[in-house]
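For reference, the chains in residue letters:
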Amino acid sequence: MAWILLLVAGLLEVGWSVGLAYTQGFTRLWPSVVTVAGMAASMFLLAQAVRTLPVGTAYGVWVGIGAAGAAVYGMVVLGEPATAARIFFIALLLVAVVGLKATSGH
């Protein structure tokens, strides 16, 4: 169950990190409300996951999901450059996340 909570927390991290672009420095009300709610929910679920999982593993997986997801969103939706190097390093990040899970012992 902790891994499911962590996955959802990571997906929420993608949502709030992408949401920051839409808040325009927290000057737009509803994008700001949704972004802050996503932050709170993501942190809450991460905190629940680390009750069972090692904190280093959980945090690494959470950050990896968020970073990779935000980068992919930027390339697909926001028109950021989708170079071979960026795609390679996103894939490398995902390999690291899988490696952390595989070696966590949970």
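Quick caveat: nothing in here was measured; it's all calculated off a predicted structure.

With respect to the packing of helix α2 (residues 29-49) against helix α3 (residues 55-76)
Orientation of α2 relative to α3, taken along the N-to-C sense of each, is 150°, at an axis distance of 10 Å. Here α3 runs roughly antiparallel to α2, going by the angle between their axes. Considering the relative orientation of α2 and α3, their crossing is right-handed. Note on element contacts: α3 touches α2 through Ala58, Tyr59 and Trp62, opposite Ser42, Met43 and Leu46. Taken together, the residues that form the contact of α2 with α3 break down as five nonpolar, one polar and no charged.

Here's the deal with the packing of aromatic side chains
By the definition in use, this model includes two aromatic pairs. Residues Tyr59 and Trp62 carry aromatic rings whose centres are separated by 5.7 Å and whose planes lie at 40° to one another, so their mutual orientation is tilted. Here Trp62 and Tyr59 lie together in helix α3, a separation of three residues that amounts to about one turn. Residue classification places Tyr59 among the partly exposed residues on the basis of a relative accessible area of 47%. Relative to Phe89, the ring of Phe88 has its centre 5.0 Å away and its plane inclined at 70°; by these criteria the two rings are edge-to-face. For Phe89, a relative accessible area of 52% gives the class exposed. It is Lys101 that lies over the ring of Trp3; its NZ or CZ is 4.7 Å from the centre.

Concerning the side chain of Glu13
On the secondary structure map, Glu13 appears in helix α1 (residues 2-23). This buried residue, Glu13, is left without a salt bridge; Arg86 holds the nearest opposite charge, at 14 Å. Residue contacts for Glu13: discarding those within four places in its chain leaves Ser42, Trp62, Val63 and Gly66.

Notes on the nonpolar core
Counting residues in each nonpolar core, the largest one holds 16 residues, and the members touching the most others are Leu6, Leu46, Leu53, Val61 and Trp62. Put simply, the parts of the chain that give this core at least two residues each are α1, α2 and α3. Sort the elements by how many residues they give to this core and α1 lands first, with seven residues. If we skip the residues at most four places from it in the chain, Leu6 touches Leu46, Ala49, Leu53, Ala58, Val61, Trp62 and Ile65.

Thoughts on the confidence of the model for the chain
Keep in mind that low pLDDT regions are not for reading the predicted coordinates in detail. For the chain, mean pLDDT is 96; residues scoring 70 or higher make up 99% of the total. For the chain, the element scoring lowest by mean pLDDT is helix α4 (residues 84-102), at 94; α2 scores highest, at 98.

Rules used throughout
Residues numbered from 1 in each chain as written. Predicted model: local features only at pLDDT ≥ 70, side-chain atom pairs only at ≥ 80, totals over all residues. Heavy atoms only, no water. Axes fitted to C-alpha atoms, helices over the stretch in contact; angles between N-to-C directions. Helix = DSSP H or I, 4+ residues; strand = E, 2+ residues; numbered from the N terminus. Parallel < 35°, antiparallel > 145°, perpendicular 65-115°, else oblique. Left-handed = near helix turned anticlockwise from the far one by under 90°. Contact = heavy atoms within 4.5 Å. Nonpolar A, V, L, I, M, F, W, Y, C, P; charged D, E, K, R; others polar. Phe/Tyr/Trp six-rings, centres within 6.5 Å; stacked < 30°, edge-to-face > 60°. Buried < 20%, exposed > 50% of the residue type's maximum accessible area, 1.4 Å probe, protein only. Lys NZ or Arg CZ within 6 Å of the ring centre and 35° of its normal. Lys, Arg positive; Asp, Glu negative; His and termini not counted. Salt bridge = Lys/Arg side-chain N within 4 Å of Asp/Glu carboxyl O. Core = buried A, V, L, I, M, F, W, Y, C linked by side-chain atoms within 4.5 Å. pLDDT = per-residue confidence, 0-100.

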